[in-house]
Amino acid sequence: MADRPLSSASFNLAASTPLPANDGASLQEPQRPYLDSRTPSSITGQAPAESALGGSTAAFAHKETGSHGSEDGEPVKPASEKSGKKRVLLLALVGLIALIVVVLAVMLPVYFKVIKPNQNNAESSTSSDGSSTTHHTSASPTQTASPTQPTSGGDGSTVTLEDGTTFTYANSFGGNWVADPNDPYNDGARPNSWTPPLNESFNYGTTRIYGVNLGGHFVLEPFISPALFQKYPGTIDEWSLSIAMAADTASGGLDQLEEHYRTFITEQDIAEIAGAGLNWVRLPVAFWAIDKWPGEPFLERTSWRYIVRVLQWCRKYGIRVNLDLHAVPGSANAYNHGGKSGEHNFLNGVMGYANAQRTLNYIRILTEFISQPEWKNVVPMFSILNEPLVTTIGQDTLRSFYVETHRMMREITGYGAGNGPYIMMHDSFQGLASLAGFTDGADRIGGDVHPYFAFNGDASPATIDSGTGAGAGNGWALRACTRFGTMMNDSRVALGVSVAGEWSNAWNDCGLYLRGVEGAATYSGVCDNDSSTWGDGVKAGLLSFASAQMDSLGDYFFWTWKIGESERGIVESPLWSYQLGLRNGWMPTDPRSVVGTCASVGGPSTTWDGTFAPYMTGGAGAGPAAAGAYPWPPTNINGIGAAATALPSYTPTGTIATLPVPTFTGSSGQSISSGNGWFDADDTTPAPTPVAGCTYPDPWAAEDVANPGPCA
């Protein structure tokens, strides 16, 4: 095997295993234990119909003989007037009893044969105990659930969606879903047989991360959602798109984005991800899911309810989440997915420190939410900053931010395994080795690398199409194995848990808007962005390329699950869609099948025994990161050449923003505890806010502004 071989024992454990033969009952709809041999509750206390009729028959025989003569047949003399009245009353009573018996004799069979079964059917369509459950949530769209529906299922089971429609769950890998309206935080689901359910620990040394990004869902990118940008010519990022949408009130204004949040990724997408053998997703979110400040055009807070909805879907299908703070105030990289293209004001320029203060607070708010017992099993990993440009920020300054973030987060969560998420740091395109050393001894810090071939500057790369068979891929598989295998294993030893947070099948930079709305591909060949025209050789080459990357990276998140259609009605960046490749034959249908790809193409064989230093996974020695060499506030902010203390900053006197939690009501009307959005009750430091009376430069355009100095 190449970079991270599986022992024969571990490979056997990874094999797809069916559900136990006797486990089918656990997937069936719960049935109410109706009292088949007992009478309806309306006549409780009476004897069964048959014995009641028998008793009445004997009584009638006795009364009939006594009414016409003595038991021996002799005539009976007239009685007194009082006796006559008693006899009339007695006869009336006997007649009434006879009438009741006749009615019962007719109605009881009808009840048990017709009415009762119909009642049973009606009740079973409502719930297992005659009641219903409605989910009322403040953090996600209102959902109605009924306990009559199954609360779990596996391959072939029927899943009922929020709108009442259904689909058949397809998962041939032994995965199961769980959705119990009376236990909405049930973490018993698993995506497949080789991944533990959410309520069991994930062993990063023995179980691989097979993940995919949900890119473009909550942080828009032109190449992922091209039709939204094509509707508004001249828009290049979410900043300009938000302004254009807000002005278009006839189309719904900025609220148009909510329709995108509602429909781009659906529950069936999450189910399909689990059914593809994947076990993680990376979920990019933006700070404006929490709030925005004056002058920022983004749709504020609306995405949060849909973020929570995605998290709950991931819980349902046993998918773990790497939460990724993808866009921060001022932008960490000047890319279009950083909020505003062409601007880099995070830890850079006059407002660089102030924007970092805001960013720390947003990380704090998200940490408080995902560390709650209700969510910590679903979100065990937090990528705190996406693709910061260290070449602009400076290594020591960025390390100061990372050390301060680690301190803040672990003060909230506590130290050691199970206390809060893994903290993932991006390598800033400098290689994972650049992250090693300064985090020695730090509790559960991991490395994140985004190894793309598409942006390496090669305008004339070798074609991917060299036909089918053993030589498919024209050497691209070997190139991937050589580049990635050693890098990932070295980082696991030196740093800890290491993942490729993004990668793709792109061997060139073709794709609509891939280089931005205003950019163009550097590829010198002909870009074929319509995958319906691809031949078998292209697909075989891409499958070989994808398999090699997956094998050599070991733990990864493909970028991205889905690419939206353009105005042409097709996906015009097909090399970036896992879903499209899965459905059309150029992505593996079982991620385990890639093991050994690098060895098969003659790639370098590196080994790793699956053992991390104890502190790396929250064991012995796990503690704070060494802060001595990397103080906070930083001693230098690039772009202005001054210490952070000499720049404008915010004061910690603002109101703390707490993320809303969903609310659930059980089938008996009981309110189900969902926490309050804030894990650490002792964390009461006010939020950063502008100093009263102070005038600040534009925090999104202050790279070249003169320093006004700190406000008193």
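Refer to the structure above for everything that follows.
Owing to the predicted nature of the structure, the values given are computational and were not obtained by experimental measurement.

Draft legend 1. Spatial organisation of the packing of aromatic side chains. Inspection of the entire model under this criterion finds 45 aromatic pairs. Clustering of aromatic rings is evident, with ring pairs tying together Tyr210, Trp503, Tyr556, Phe558, Trp561 and Tyr578. Between Arg315 and the ring centre of Trp375, over which it is positioned, the NZ or CZ distance is 4.6 Å. Directly above the ring of Phe453 sits Arg483, whose terminal nitrogen or CZ lies 4.6 Å from the centroid.

Draft legend 2. Spatial organisation of the pairing of strand β7 (residues 210-213). Alternating positions in β7 separate into two faces, Tyr210 and Val212 on one and Gly211 and Asn213 on the other, with burial throughout. Of the pairings in the sheet, the one linking β7 to strand β14 (residues 556-558) comprises three bridges and is parallel in character. Note that in β14 the partner of Val212 across the bridge is Phe558. Where β7 lies against strand β8 (residues 280-286), three bridges are found, and the strand directions are parallel. Bridged to Asn213 within β8 is Arg282.

Draft legend 3. Layout of the state of the cysteines. Within the structure shown, the criterion is met by three disulfides. With a sulfur-sulfur separation of 2.0 Å, Cys481 is cross-linked through a disulfide to Cys598. Disulfide Cys481-Cys598: torsion about the S-S bond near -85 degrees, hence left-handed. Separated by 117 residues along the polypeptide, Cys481 in helix α12 (residues 476-494) and Cys598 in helix α15 (residues 597-600) bring together distant segments of the chain. Cys598 carries the same exposure label as Cys481, and that label is buried. In this model Cys694 forms its disulfide with Cys711; the gap between the sulfur atoms is 1.5 Å. Between Cys694 and Cys711 the disulfide shows an S-S torsion of about 40 degrees. By sign, it is right-handed. Here the residue Cys694 occupies a position in the segment after β18 (687-689), and Cys711 occupies one in the segment after β18, the gap between them amounting to 17 residues. Taking the relative accessible area as the measure of exposure, Cys694 reaches 17% and is therefore buried. What makes Cys711 partly exposed here is its relative accessible area of 27%.

Draft legend 4. Examining the side chain of Ser498 more closely. Looking at the secondary structure, you find Ser498 in strand β13 (residues 498-500). Looking at Ser498, the relative accessible area reads 2%, which means it is buried. At 2.6 Å, the side chain of Ser498 and the side chain of Ser491 are in polar contact. Looking at Ser498, its side chain comes within polar contact range of the main-chain oxygen of Gly496, at 2.9 Å. With residues near it in sequence (within four places) discarded, Ser498 still touches Leu432, Gly447, Met488, Ser491, Arg492 and Asp555.

Draft legend 5. Representation of the pattern of salt bridges in the model. For the structure on display, the rule yields 20 salt bridges. Between Arg410 and Asp443 there is a salt bridge whose closest N-O contact spans 3.2 Å. With Arg410 in helix α11 (residues 395-413) and Asp443 in the loop between β11 (422-426) and β12 (445-449), this residue pair connects regions lying 33 residues apart in the sequence. Residue class for Asp443 comes out buried when judged on its relative accessible area of 0%. Here Asp509 makes a salt bridge to Arg515, at a shortest N to O gap of 3.0 Å.

Draft legend 6. The arrangement of the layout of surface pockets in detail. Looking at the largest pocket, its volume works out to about 750 Å³. What lines the largest pocket is a set of 34 residues, and nearest its centre among them are Tyr335, His337, Glu387, Phe429 and Phe455. The leading source of residues in the lining of the largest pocket is α12, at three residues. Tallied by class, the residues present in the lining of the largest pocket amount to 16 nonpolar, eleven polar and seven charged.

Draft legend 7. Quick look at helix α6 (residues 256-263). Turning to α6, its buried residues number three or more, namely Gln256, Leu257, His260 and Tyr261. Down the axis of α6, the buried set is contained in an arc of 150 degrees. They therefore lie on one face. Close packing links the buried residues of α6 with α4 (226-230), α5 (238-247) and α8 (302-317).

Draft legend 8. Representation of the environment of Leu311. Within the secondary structure, Leu311 is located in helix α8. Measuring from C-alpha to C-alpha, the distance between Leu311 and Ile270 comes to 9.9 Å, with 41 residues separating the pair along the chain. The residues touching Leu311, leaving out its near neighbours within four places in the chain, are Leu283, Val321, Trp375, Val378 and Val379.

Draft legend 9. Unusual backbone geometry, seen in detail. Note that the residue after Trp559, namely Thr560, is joined by a cis bond; omega there is 10 degrees. Position of Thr560 relative to the elements: it lies in the loop between β14 and α14 (578-584). Positive phi values are uncommon outside glycine, yet Phe429 reaches one of about 65 degrees. Relative to the elements of secondary structure, Phe429 occurs in the loop between β11 and β12. The phi dihedral of Asn474 falls on the positive side, at around 55 degrees, and the residue is not glycine.

Draft legend 10. Empty space enclosed by the protein, seen in detail. Scanning the model with the defined rule gives three cavities of 30 Å³ or more in all. One number sums up the size of the largest cavity: a volume of about 90 Å³. Along the walls of the largest cavity sit Val390, Gln395, Leu398, Arg399, Tyr402, His426, Asp427, Ser428, Gln430, Ser434, Leu435 and Phe438, which together make up its complete lining. Top contributing element to the lining of the largest cavity by residue count: α11, with four residues. Per-class residue counts for the lining of the largest cavity are five nonpolar, five polar and two charged.

Scoring rules and cut-offs
- Residues numbered from 1 in each chain as written.
- Predicted model: local features only at pLDDT ≥ 70, side-chain atom pairs only at ≥ 80, totals over all residues.
- Heavy atoms only, no water.
- Phe/Tyr/Trp six-rings, centres within 6.5 Å; stacked < 30°, edge-to-face > 60°.
- Lys NZ or Arg CZ within 6 Å of the ring centre and 35° of its normal.
- Buried < 20%, exposed > 50% of the residue type's maximum accessible area, 1.4 Å probe, protein only.
- Helix = DSSP H or I, 4+ residues; strand = E, 2+ residues; numbered from the N terminus.
- Pairing = 2+ DSSP bridges.
- Disulfide = S-S within 2.5 Å.
- Polar contact = N/O pair within 3.5 Å; in protein donor to acceptor, adjacent residues only side chain to side chain.
- Contact = heavy atoms within 4.5 Å.
- Salt bridge = Lys/Arg side-chain N within 4 Å of Asp/Glu carboxyl O.
- 1 Å grid on protein atoms, 1.4 Å probe; cavity = no way out; pocket = protein on both sides within 12 Å on 5 of 7 lines; lining within 4 Å.
- Points joined across faces, edges and corners; volume = space filled by probe spheres on them.
- Nonpolar A, V, L, I, M, F, W, Y, C, P; charged D, E, K, R; others polar.
- Arc of directions from axis to C-beta.

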